[in-house]
Protein chains: 2
Amino acid sequence: MEHALRRHLEELISLSNTEFELIASCFTSRRIKKKEFLFRQGDRVSEMYFIVSGLLKLIYTDESGKERILSFAMEDWWESDYEAFERGGPAKMSLQSLENCQILILSKENFTKLCNEIPKMAQFFLHKAIAGHIAAQQRVLSLMNDSASDRFDQLIQRQPSLIHRISKSTLASYLGVSRETLSRLSR
Amino acid sequence: MEHALRRHLEELISLSNTEFELIASCFTSRRIKKKEFLFRQGDRVSEMYFIVSGLLKLIYTDESGKERILSFAMEDWWESDYEAFERGGPAKMSLQSLENCQILILSKENFTKLCNEIPKMAQFFLHKAIAGHIAAQQRVLSLMNDSASDRFDQLIQRQPSLIHRISKSTLASYLGVSRETLSRLSR
DNA sequence: GAAAAATAGTGAGCCAGGTCACAGGTGGGG
DNA sequence: CCCCACCTGTGACCTGGCTCACTATTTTTC
């Protein structure tokens, strides 16, 4: 639970016990079952989530009901609808679990508090935000340059374990292709 | 020059004169002509750039020589190859001007120094990084959901001024379509 | 101010990937 | 143990967008 968080934080910054106690006190813990939503499109989202265990999908559903997966959130990931989180508007996306999950929740107030009281935490989140930006940019490139089957191959190389945790249809809506096309790729 | 930076910073945080002097002393100023590169794919990039005036493109060129535009950097934008900047590797992208530009340069050392000495600056960069992440995520969504002509229309609505500053071919490689397809869109 | 280089538009043909429809497999709940 | 809901594969067909080729126009460059 919390040691997972500490281990994760200490990959980037080092913390005294008292610092970590303050940090830990800012989070609340929650356990959710498969298929539950942490939030849905339209909700106000004023929390961010640290995934201790389990797997979730961040999805956007368009008018016609088609669902696109923006990202998978798994162990040691931070996720939220950051636009809603930052600007206080309604969420454009939903965050739904694909497995039972153990989550730590950080409210926006506590996020701000942590950034102010422990400057190292602001740095930590800065690193994470930049990493998120880099990842999203690479996804843009990949969508523009690479064919569906290229993207599929790259994912297999980068996250081989993921393949066994999700269904093919789920995978397809992450890769940005139809279920049928993905099915035909492997041959 | 520097008042542009101060105005920009004070949209998010407020600064005393002494604080701003420290900040300003961390930047160096540079003027570049149209078509110059601030860096190229493969370079080490240990600086980030604040655009005072002018317009640049952040591009990725693939093996076949085809060029994709990741983003346009214009007045009041920060740009760099953030992966190279963060992790110290070679740049995957190039940053090239489309117009004459006035740039302020912040080295990685000074970036770190500013974040440490003026916590407000860490917060500022955190906001900007999150905003960058949000923007890139929306681009991912748009590439997955929308047709070329949708993306074209959206761009016209969001950045009408941009259209008059760039060529159609440049625009096409930002939208992720071929020059010919873009030409046929307007019909 | 002519030659060279970008920039634009347009036709023709092609193909990756989308949609629709159907059929077989799998698994967990009652 | 069976049923229903979900997942997966596959065929048929269609279309948005790509490539190639050529021409016209505008912009640079010397």
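See the structure printed just above.
For the structure given in this document, a descriptive report is provided here.

Criteria and thresholds
- Each chain carries its own residue numbering, running from 1 in the direction its sequence is written.
- Chains carry letters from A onward and ligands carry numbers from 1 onward, assigned in written order.
- Only residues with pLDDT of 70 or above have their local features reported here, since the model is predicted, and side-chain atom pairs are shown and tallied only from 80 upward, although totals for entire chains, interfaces and linings are computed over all residues.
- Think of the side-chain values as coming from all heavy atoms in the structure, minus any hydrogens and water.
- By definition, any uninterrupted DSSP run of H or I lasting at least four residues is a helix, any uninterrupted run of E lasting at least two residues is a strand, and each is numbered from the N terminus.
- Three labels apply to residues, based on accessible area from a 1.4 Å probe with only protein chains included: buried if under 20% of the type maximum, exposed if over 50%, partly exposed otherwise in between.
- By definition in these notes, contact holds between two residues if any of their heavy atoms fall within 4.5 Å.
- Here the accessible surface of atoms and residues is derived via Shrake-Rupley with a 1.4 Å probe, and residues count as covered only by protein chains that are part of the display.
- Residues below a pLDDT of 70 in either copy are left out; the C-alpha atoms of the rest, at least 70 in both, set the least-squares superposition of the copies.
- When we say a residue is near a molecule or strand, we mean one of its heavy atoms is within 4 Å of it.
- Counted as a polar contact is a pair of N or O atoms within 3.5 Å, where, for protein atoms, one must be capable of donating a hydrogen and the other of accepting one, and residues adjacent in sequence contribute only when both atoms are in side chains.
- Under the scheme applied here, ten amino acids are nonpolar (Ala, Val, Leu, Ile, Met, Phe, Trp, Tyr, Cys and Pro), four are charged (Asp, Glu, Lys and Arg), and all others, including Gly, are polar.
- Planes of paired rings set the category: under 30 degrees apart is stacked, over 60 is edge-to-face and the rest tilted, where pairs are Phe, Tyr or Trp rings (Trp by its six-membered ring) whose centres lie within 6.5 Å.
- Whether a charge sits over a ring comes down to the Lys NZ or Arg CZ being within 6 Å of the ring centre and within 35 degrees of the ring normal.
- Fitted lines through C-alpha atoms give the axes, limited to the stretch in contact for helices. The angle between two N-to-C directions lies from 0 to 180 degrees.
- Residues counted as positive are Lys and Arg, residues counted as negative are Asp and Glu, and His and the chain ends are not counted.
- A carboxyl oxygen of Asp or Glu within 4 Å of a side-chain nitrogen of Lys or Arg is what we treat as a salt bridge.
- Multiplying 1.5 Å by the helix residue count minus one yields the expected span of that helix.
- Note on pairing: two strands pair once DSSP finds at least 2 bridges between them.

**Points about the overall build of chain A**
Thought 1: A count of helical and extended segments in chain A gives 9 helices and 8 strands.
Thought 2: The principal-axis extent of the C-alpha atoms belonging to chain A is close to 55 × 35 × 30 Å.
Thought 3: Out of the 187 residues belonging to chain A, those deemed buried represent 51%.
Thought 4: Residue pairs at least 24 apart in sequence account for 70% of intrachain contacts in chain A once pairs closer than 6 positions are excluded.
Thought 5: When the accessible surface of chain A is summed, it comes to about 9,000 Å², and 48% of that surface belongs to carbon and sulfur atoms.

**Details of the relation of the copies chain A and chain B**
Thought 1: For the match of chain A to chain B, the screw axis carries a shift of 0.0 Å, the RMSD comes to 0.0 Å, and the turn is 180°. Each copy turns onto its partner about a two-fold axis. Of every C-alpha in chain A, the one belonging to His133 of chain A sits nearest the axis of rotation, 2.0 Å from it.
Thought 2: Here 100% of the contact residues of chain A are again contact residues in chain B; the copies associate through an equivalent surface.

**Regarding the protein's contact with DNA strand D**
Thought 1: The full set close to DNA strand D counts 17 residues, and Lys168 and Arg184 of chain A together with Lys66, Ala148 and Thr181 of chain B are the nearest of them.
Thought 2: Sugar plus phosphate, as a fraction of atoms of DNA strand D within 4 Å of the protein: 44%.
Thought 3: One nitrogen or oxygen atom from the side chain of Ser183 of chain A is found 3.4 Å from a phosphate oxygen belonging to DNA strand D.
Thought 4: Contact between DNA strand D and Ala148 of chain B: a phosphate oxygen at 2.9 Å from a main-chain N or O atom of the residue.
Thought 5: Every element with two or more residues in the surface near DNA strand D is listed here: α8 (168–175) and α9 (179–185) of chain A together with α9 (179–185) of chain B.
Thought 6: Ranked by residues supplied to the surface near DNA strand D, first place goes to α9 of chain A with 4 residues.
Thought 7: A per-class count over the surface near DNA strand D returns 2 nonpolar, 7 polar and 8 charged.

**Description of the packing of aromatic side chains**
All names here are of chain A.
Thought 1: Under the defined criterion, the tally for this structure stands at 18 aromatic pairs over all chains.
Thought 2: Through a chain of ring-to-ring contacts, three or more aromatic side chains come together here, namely Phe27, Phe50, Trp78, Phe85, Phe111, Phe124 and Phe125.
Thought 3: We note Arg40 situated over the ring of Phe37; from NZ or CZ to the ring centre the distance is 3.8 Å.

**Things to note about the packing of helix α4 (residues 108–117) of chain A against helix α5 (residues 119–145) of chain A**
Residues and elements named next belong to chain A.
Thought 1: In contact at an axis separation of 4 Å, α4 and α5 are set at 115° when each is read in the N-to-C sense. In contact with Phe111, Leu114, Cys115, Asn116 and Glu117 of α4, α5 contributes Pro119, Met121, Ala122 and Phe125.
Thought 2: Classifying every residue of the contact of α4 with α5 by side-chain character gives 7 nonpolar, 1 polar and 1 charged.

**A closer look at the side chain of Asp81 of chain A**
Residue and element names in this part refer to chain A.
Thought 1: In this structure, Asp81 sits in the loop between β6 (78–79) and α3 (82–87).
Thought 2: Although Asp81 lies buried, it forms no salt bridge, and the closest oppositely charged side chain, Lys92, sits 6.8 Å away as judged by the N-O distance.
Thought 3: Here the side chain of Asp81 touches Glu83 through a polar contact of 3.2 Å, landing on its backbone nitrogen.
Thought 4: Here the side chain of Asp81 touches Ala84 through a polar contact of 3.0 Å, landing on its backbone nitrogen.
Thought 5: Not counting residues up to four positions away in its chain, the partners in contact with Asp81 are Phe39, Val45, Ala91, Lys92 and Met93.

**Here we look at the protein's contact with DNA strand C**
Thought 1: In the vicinity of DNA strand C lie 16 residues, with Lys66, Ala148 and Thr181 of chain A together with Lys168 and Arg184 of chain B positioned nearest.
Thought 2: Here DNA strand C approaches the protein such that, of its atoms within 4 Å, sugar and phosphate make up 42%.
Thought 3: Separating a base nitrogen of DNA strand C from a side-chain N or O atom of Glu180 of chain A is a distance of 3.3 Å.
Thought 4: Contact between DNA strand C and Lys168 of chain B: a phosphate oxygen at 3.0 Å from a main-chain N or O atom of the residue.
Thought 5: The element contributing the most residues to the surface near DNA strand C is α9 of chain B, with 4 residues.

**Observations concerning the side chain of Arg68 of chain A**
Thought 1: Within the secondary structure, Arg68 of chain A sits in strand β5 (residues 67–74).
Thought 2: Buried charged residue Arg68 of chain A carries no salt bridge. Nearest counter-charge: Asp62 of chain A, at 5.8 Å.
Thought 3: Of the polar contacts made by the side chain of Arg68 of chain A, one reaches the side chain of Asn145 of chain B; its length is 3.3 Å.
Thought 4: Residues contacting Arg68 of chain A, with those up to four places away along its chain left out, are Leu58, Ile59, Tyr60, Ser173, Gly176 and Val177 of chain A together with Leu141, Met144 and Asn145 of chain B.

**Notes on α5 of chain A**
Thought 1: Over its 27 residues, α5 of chain A runs 39 Å from end to end, which matches the ideal 39 Å to within 8%, given 1.5 Å per residue.
Thought 2: A large share of α5 of chain A lies buried, amounting to 19 of its 27 residues.

**Description of the sheet that holds strand β8 (residues 101–107) of chain A**
Residue and element names in this part refer to chain A.
Thought 1: With antiparallel pairing, 4 strands are arranged side by side in an open sheet as β1-β8-β3-β6. Each end of this open sheet is capped by a strand with a single partner; those strands are β1 (27–32) and β6.
Thought 2: Taken together, the 6 bridges between β1 and β8 define a ladder with antiparallel strand orientation. Opposite Ile32, over in β8, you have Cys101 as the bridge partner.

**A closer look at the sheet that holds strand β6 (residues 78–79) of chain B**
All names here are of chain B.
Thought 1: Here we have 4 strands laid out as an open sheet, ordered β1-β8-β3-β6, and antiparallel in their pairing. Either end of the sheet is taken by a strand with one partner, and the two such strands are β1 (27–32) and β6.
Thought 2: Sheet analysis places strand β3 (residues 47–53) next to strand β8 (residues 101–107), joined by 6 bridges and oriented antiparallel. Bridging across to β8, Met48 finds its partner in Leu106.

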